[in-house]
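One-letter residues, chain by chain:
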Amino acid sequence: LDLVTIGGLTLPLRQMAAGLLTSLDFASETHQNRCALAPLLVFALDHSSGLRNVNFINNDFGAENEHLVDSVLRLAQRGLEVYNDLPLHGATEGFDVQFRPVMPHGLCVFASTFLPRQRHLKHLNLQNCGLDARSLGAILLAVLQIQTVMTLDISSQPLK
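Engineer: Even after reading the chapter, I still don't get the environment of V4, so can you show me in this structure?
Structural biologist: Within the fold, V4 resides in strand 1 (residues 4–6). Note on V4: relative accessible area 18%, which makes it buried. When the C-alpha positions of V4 and L159 are compared, they lie 34 Å apart, and in sequence the two are 155 residues distant. Excluding residues within four positions of it along the chain, V4 makes contact with L9, T10, L11, L13 and L40.

Engineer: How do you make sense of the side chain of S28 when you look at a structure like this?
Structural biologist: Structurally, S28 can be placed in the loop between strand 3 (23–25) and strand 4 (32–33). A distance of 2.7 Å separates a polar atom in the side chain of S28 from the backbone oxygen of T30. Excluding anything up to four places from it in sequence, S28 contacts I57, N58 and N59.

Engineer: Any chance you could explain the packing of helix 2 (residues 38–46) against helix 3 (residues 65–76) here in plain terms?
Structural biologist: For any two helices packed against each other, the geometry comes down to the angle between their axes and how far apart the axes lie. Two numbers describe how helix 2 lies on helix 3: the axes approach to 9 Å, and their chain directions differ by 10°. Considering the angle they form, helix 2 stands roughly parallel to helix 3. Only H67, L68, S71, V72, R74 and L75 of helix 3 make contact with helix 2, whose side of the interface consists of L41, V42, L45 and D46.

Engineer: Explain the pattern of salt bridges to me, please; I cannot follow it from the model alone.
Structural biologist: Note on pairing: side chains with opposite charge can pair once their charged atoms come close. Under the criterion given, the structure shown has three salt bridges. Its salt-bridge partner being R14, residue D2 comes within 2.2 Å of it at the nearest N-O pair. A residue pair is termed long-range when its members are at least 10 positions apart, and D2 in the segment before strand 1 and R14 in helix 1 (residues 13–18) qualify at 12 residues.

Cut-offs applied
In this convention, every chain numbers its residues from 1, walking through the sequence in written order. Under the rules for a predicted model, residues below a pLDDT of 70 receive no local features and side-chain atom pairs below 80 are neither given nor counted, while totals for whole chains, interfaces and linings still include all residues. The side-chain numbers reported here are obtained from all heavy atoms of the structure, hydrogens and water having been left aside. Comment: elements are numbered from the N terminus, with helices defined as DSSP H or I runs of at least four residues and strands as E runs of at least two. Under the scheme applied here, a residue whose accessible area is under 20% of the maximum for its type counts as buried, over 50% as exposed, and between as partly exposed, the area being computed with a 1.4 Å probe on protein chains only. A contact between two residues is defined here by any heavy atoms of the two lying within 4.5 Å. By the criterion applied in these results, polar contacts are pairs of N or O atoms within 3.5 Å in which, for protein atoms, one can donate a hydrogen and the other can accept it, and in which residues neighboring in sequence qualify only through two side-chain atoms. Lines are fitted to the C-alpha atoms to define the axes, a helix being fitted only along its stretch in contact, and any angle between axes, read from their N-to-C directions, falls within 0 to 180 degrees. If an angle is under 35 degrees, it is roughly parallel; if it is over 145, roughly antiparallel; if it lies from 65 to 115, roughly perpendicular; otherwise it is oblique. By convention in these notes, a salt bridge is any Lys or Arg side-chain nitrogen within 4 Å of a carboxyl oxygen on Asp or Glu.

What follows is the structure in structure tokens.
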């Protein structure tokens, strides 16, 4: 199977599996409900190699977030470097994600990959970036574990 096209998205499955694709960008300018596509995306990510950058900004996977996050975390173990424009590695004293719709799945991946590696992070601005209650829990857990963050801005969120 070379390509799967659904909902305006095309997945080059053969290229992804062969490691010929380093970037997968399904970012959207507007909020998109992609719950029904999540199982296909999880399959594609789980059967890919070589991806370094995946972008699902503004894509809402609803109840399927957890499955997508697990798949992205497995991909991170195989070399993924950036997810939803957020680095999975690196070090910094401040990080600003303000007004970027990285979505709950992006924040959960960020909390599991980037944040635990921080030893000098003091300021984290997550204002209006798509945080929900579950991703807030992941962020708070990571921030409390590294014990260096002095300010955390989580204002203007659709917490539910």
